[in-house]
Amino acid sequence: MESFRFSDRVIGLVLAAGAVAYLIAAWQIPQFALDTVPVQPRVFPLALGALLLLLAVLLAIRPAGASQPPGAEHDAEADGSPEEDAGSSDAGGQARTLGRSSRPRVEVLILVGGTAAYIGLLEPLGFIPATIAFLLAGSWWFRTARLWVAATVAVGVTLAAQLGLGELLGVRLPAGVLAPLGI
Amino acid sequence: MDALQDLAFGFTVVFEPFNLLLVASGVLAGTIIGMLPGLGPIAAIALLIPTTFGMDPSSALILLAGVYYGAVFGGSTSSILLNAPGIAGTVATSFDGYPMARSGRAGAALAIAAIASFIGGTIALIGLALVAPALASVAVAFGPAEYFALMVLGLTAVTSLSDTGLVKGLLAGTFGVMVSIIGIDLQTGTLRYTFGMPELFEGVDFLIVALGVFALAEVLRLALQPQNESQEAIGSLRLSRRELRDMAPATGRGSLVGFFSGILPGAGATIGSFLGYGLEKRVAKDADTFGKGNTKGIAAPESANNAAAVGSFVPLLTLGVPGSGTTAVLLGALLVLGIQPGPLMFADRPEVFWGVIASMYIGNIVLLMLNLPLIPLLARILRTPRPLLLPLIIVFCVIGVYGLRFNTFDLWLLLLFGVLGFLMRANGFPAAPLILGLILGAIMEESMRQALQISGGAWSVFLEQPISATLLALAAVSLLAPPLVARWRQRSRASVG
């Protein structure tokens, strides 16, 4: 998680810029005659934008000592693996992540990119082929010990989901290229 | 006697075979999901909400309450066996549970957790049946101004108790409220923050945000940790008489602390379990053995977190205000099912209210019956290899969100909130206020505008009504007290030093 930490100042400034943009958008919400609408639809967003701006500025200007909240410590605890973390940093050449890249940013980028590809292909390719491919690719990326087990689980879970949701509960999962088969 | 009669009515609802099946399967599913690293009650409930579509509301809530219960206990199992608390509410359990498991007594530690959870849940359920109707009658006096103040209190209480700093908690809560007002303004029909995208006209569904910031963000976090292969022996589940005698008072104290912290909006299972553990350590004669496998160190937080889980249903069912992040998700589920929790629920939907309470009694028994004999078997799920588990969680999230409106736009939002949740976690921003803000935001704005409409636009309405003024004062105190107390302590320590 260390690779994804930013200073409170940077986060505060980004949020402040977002709050200003939010306030500008709030000003553009149309007004109504006061007798029909005593509370304009822009009032609440304006208050929220102002609050966000105030909090963002507070975050940016607060002393550096306050920038490392107990949460960061708690985070490490909640990871549940203080020994694991220590081990991974000590080990030098050993894996620091679950996947095939040892660099955390690349690992997250690949996972987000893979999920984006899955979402993008879900409708054109169909639920069954896209899900099986995603599960297989995901298991391979995370260095599964036995690819045949992963393949069995991928096919089994996908078909069970299609049957359970599609056939029993009537949830229309995209058929994609399998549409001609009547799925 | 009324409460007893109503409870008997609730049991008739639960004892319908279908509902009994739902209680059992909900508890089992919750336990299994709660045991999976990173999937706590919020994710468990969010994942199972789509299965309740089309169900009778009381049956749906019975299922989800069972899931909640089971997931809280399931989280304790991974805390004890792997020192990996799936949820914040079971962190305190790991302090003594994990050392006990490492000393080859994992079975006994799990048995203590199961028994303490059962007792904590039962004591809290009695409290729920007695306290909830009284609270509901008070709540009838609530108008829009009072509701607005109550929502503010709920949000500030959760935010102020978050362990990652007040400013970050408030930022997360404010962002949640901002997300909640996206879409068509129901009073004027104005589009707000939809950026010309028709998919946003109806707003952002809470399930998308909940699955994104909790489940998907957790997958990203777990992907950064190498697999932990160490597995300890589970051992015998038997407890000695001395151990049982030791844990009895600890369980009683933990249950009471947990129940009352659960009732307070914002306190919830996490604070309850820490308070329970802290109290027990303070009163124990063998305080030096805490953290080394003391049975009381497991019994107190476990009874407290289950009692708090039950206690958090009090504000949810009687006032419509969730006491925790999990009950915020449950509130969303109720709204999806067409139920508005609150004082009128007693009159309008007694079968739902008392059915849930009765189902929790049954669920509590089922939890004990299932967990004691199944502990060795269930623990095998912890061995699900993460290379398989992580892609599977993503697929479950995608299915759940796609089933909402059958469009991929929601899936892109899911991914966006997943990345956001991950970055929030990496930078010490709590996710629970975001979810609370999202759930309470729209109701908060509606109450505020209604109150102002009644008062002719006079903002003083919030301070003139005694209940509303008191609640807003409490909200201010809950926000300002923690930093002021911390500063005061710092100063007094400095002056002593």
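Residues numbered from 1 in each chain as written. Chains lettered and ligands numbered in written order. Predicted model: local features only at pLDDT ≥ 70, side-chain atom pairs only at ≥ 80, totals over all residues. Heavy atoms only, no water.

### Some points on the overall build of chain B
Within chain B, the secondary structure is distributed over 20 helices and two strands. Within chain B, the proportion of its 497 residues that are buried is 64%. The contacts in chain B between residues at least 6 apart in sequence include a share of 78% that link residues at least 24 apart. Looking at chain B as shown, the accessible area adds up to about 17600 Å², and 67% of this sits on carbon and sulfur atoms. (Helix = DSSP H or I, 4+ residues; strand = E, 2+ residues; numbered from the N terminus. Buried < 20%, exposed > 50% of the residue type's maximum accessible area, 1.4 Å probe, protein only. Contact = heavy atoms within 4.5 Å. Areas by Shrake-Rupley, 256 points an atom, 1.4 Å probe, with all protein chains shown as cover.)

### Considering the confidence of the model for chain A
Mean pLDDT over chain A: 80, with 76% of residues reaching 70 or higher. Low pLDDT (under 50) marks residues 67–93 of chain A, which in the prediction has 36 contacts with non-local residues, meaning those over four places away or in another chain. (pLDDT = per-residue confidence, 0-100.)

### Considering the interface of chain B and chain A
Every contact between the two is made by 65 residues of chain B and, on the other side, 80 residues of chain A. When the two sides are added together, the surface that chain B and chain A hide from each other amounts to roughly 6300 Å², 75% of it contributed by carbon and sulfur. Contact with chain A buries area across many residues of chain B, yet Met178(B), Tyr193(B) and Leu224(B) alone supply 10% of it, more than any other trio. Applying the counting rule to chain B against chain A returns one salt bridge. The salt bridge partner of Lys168(B) is Asp8(A), with a shortest N-O separation of 3.0 Å. Inspection of the chain B/chain A interface yields nine residue pairs in polar contact (both at pLDDT 80 or more). Elements with a contribution of two residues or more to the side of chain B that touches chain A: α5 (91–139), α7 (166–180), α8 (206–222), α16 (386–405), α17 (408–426) and α18 (432–454) of chain B. Looking at which element gives the most residues to the side of chain B that touches chain A, the answer is α16(B), with 13 residues. Counted by class, the side of chain B that touches chain A contains 41 nonpolar, 14 polar and 10 charged residues. (Buried area = accessible area lost by both parts, 1.4 Å probe. Salt bridge = Lys/Arg side-chain N within 4 Å of Asp/Glu carboxyl O. Polar contact = N/O pair within 3.5 Å; in protein donor to acceptor, adjacent residues only side chain to side chain. Nonpolar A, V, L, I, M, F, W, Y, C, P; charged D, E, K, R; others polar.)

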